[in-house]
Amino acid sequence: MTLPVYRYRCAPNGLMTRAQLRAAGLSAARAEVVGELRWRSRKARHYGGYRVAYLYDPATARPVRPMTPGRWRSHHAMMRARRTCPDCKAVQPYVISTSLGCCWLCANA
């Protein structure tokens, strides 16, 4: 089955992109794609110079799962691991760059 393709700003009312669903407190999980937006872009490397955004029906979207205390603890632990320098073991106030592989102080030393 082929999806209907709409030009930028020409999608029918009632269909939403993933970002619009998230802003409305909905998740696109298990929701079927019902259409596609396409617009030309110099930055697009796929689809022959077009960028693509999929459209979903908000009636089939599910509400976003709330963040429980356990999920917050997990999130904070994950972010702390991304901020910890593997060389000096210091927790930095920024996420360690993957291209450097260590904090700025260790990279400049």
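Residues numbered from 1 in each chain as written. Predicted model: local features only at pLDDT ≥ 70, side-chain atom pairs only at ≥ 80, totals over all residues. Heavy atoms only, no water.

A. Seen up close, the nonpolar core. Core analysis: the largest hydrophobic core is formed by 6 residues, namely Leu21, Leu26, Ala28, Ala31, Tyr56 and Ala61. When near neighbours in sequence (up to four residues on either side) are disregarded, Leu21 contacts Met16, Leu26, Ala28, Tyr56, Pro58 and Ala61. Core analysis: the second largest hydrophobic core is formed by 5 residues, Cys85, Tyr94, Ile96 and Cys103 among them. (Core = buried A, V, L, I, M, F, W, Y, C linked by side-chain atoms within 4.5 Å. Buried < 20%, exposed > 50% of the residue type's maximum accessible area, 1.4 Å probe, protein only. Contact = heavy atoms within 4.5 Å.)

B. Local environment of unusual backbone geometry. A positive phi angle is found at Arg9, which is not glycine, with a value near 65°. Within the secondary structure, Arg9 is located in the loop between strand 1 (5-7) and helix 1 (18-23). The class of Arg9 is exposed, set by a relative accessible area of 71%. Of note in the backbone geometry, Arg30 takes a positive phi value of approximately 65° without being a glycine. Turning to its location among the elements, Arg30 is positioned in the loop between strand 2 (26-27) and strand 3 (33-40). (Helix = DSSP H or I, 4+ residues; strand = E, 2+ residues; numbered from the N terminus.)

C. Representation of the packing of aromatic side chains. Under the definition given, this model contains 2 aromatic pairs. The interplanar angle of 50° and the centroid separation of 5.5 Å between the aromatic rings of Tyr8 and Trp39 together place this pair among those described as tilted. Taken together, the positions of Tyr8 in the loop between strand 1 and helix 1 and Trp39 in strand 3 put the pair 31 residues apart, joining distant regions of the chain. We classify Trp39 as partly exposed; its relative accessible area is 24%. With centroids separated by 4.1 Å and ring planes inclined at 15°, the aromatic side chains of Tyr94 and Trp104 adopt a geometry described as stacked. Taken together, the residues span a long stretch of sequence, with Tyr94 in the loop between helix 2 (69-83) and helix 3 (104-108) and Trp104 in helix 3 at a distance of 10 residues. (Phe/Tyr/Trp six-rings, centres within 6.5 Å; stacked < 30°, edge-to-face > 60°.)

D. Focus on the pattern of salt bridges. In this structure the tally under the stated criterion is 1 salt bridge. Between Arg38 and Glu36 there is a salt bridge, and its shortest N-O distance comes to 2.7 Å. Taking relative accessible area as the criterion, Arg38 reaches 32% and is therefore assigned partly exposed. By relative accessible area, which is 7% here, Glu36 ends up buried. (Salt bridge = Lys/Arg side-chain N within 4 Å of Asp/Glu carboxyl O.)

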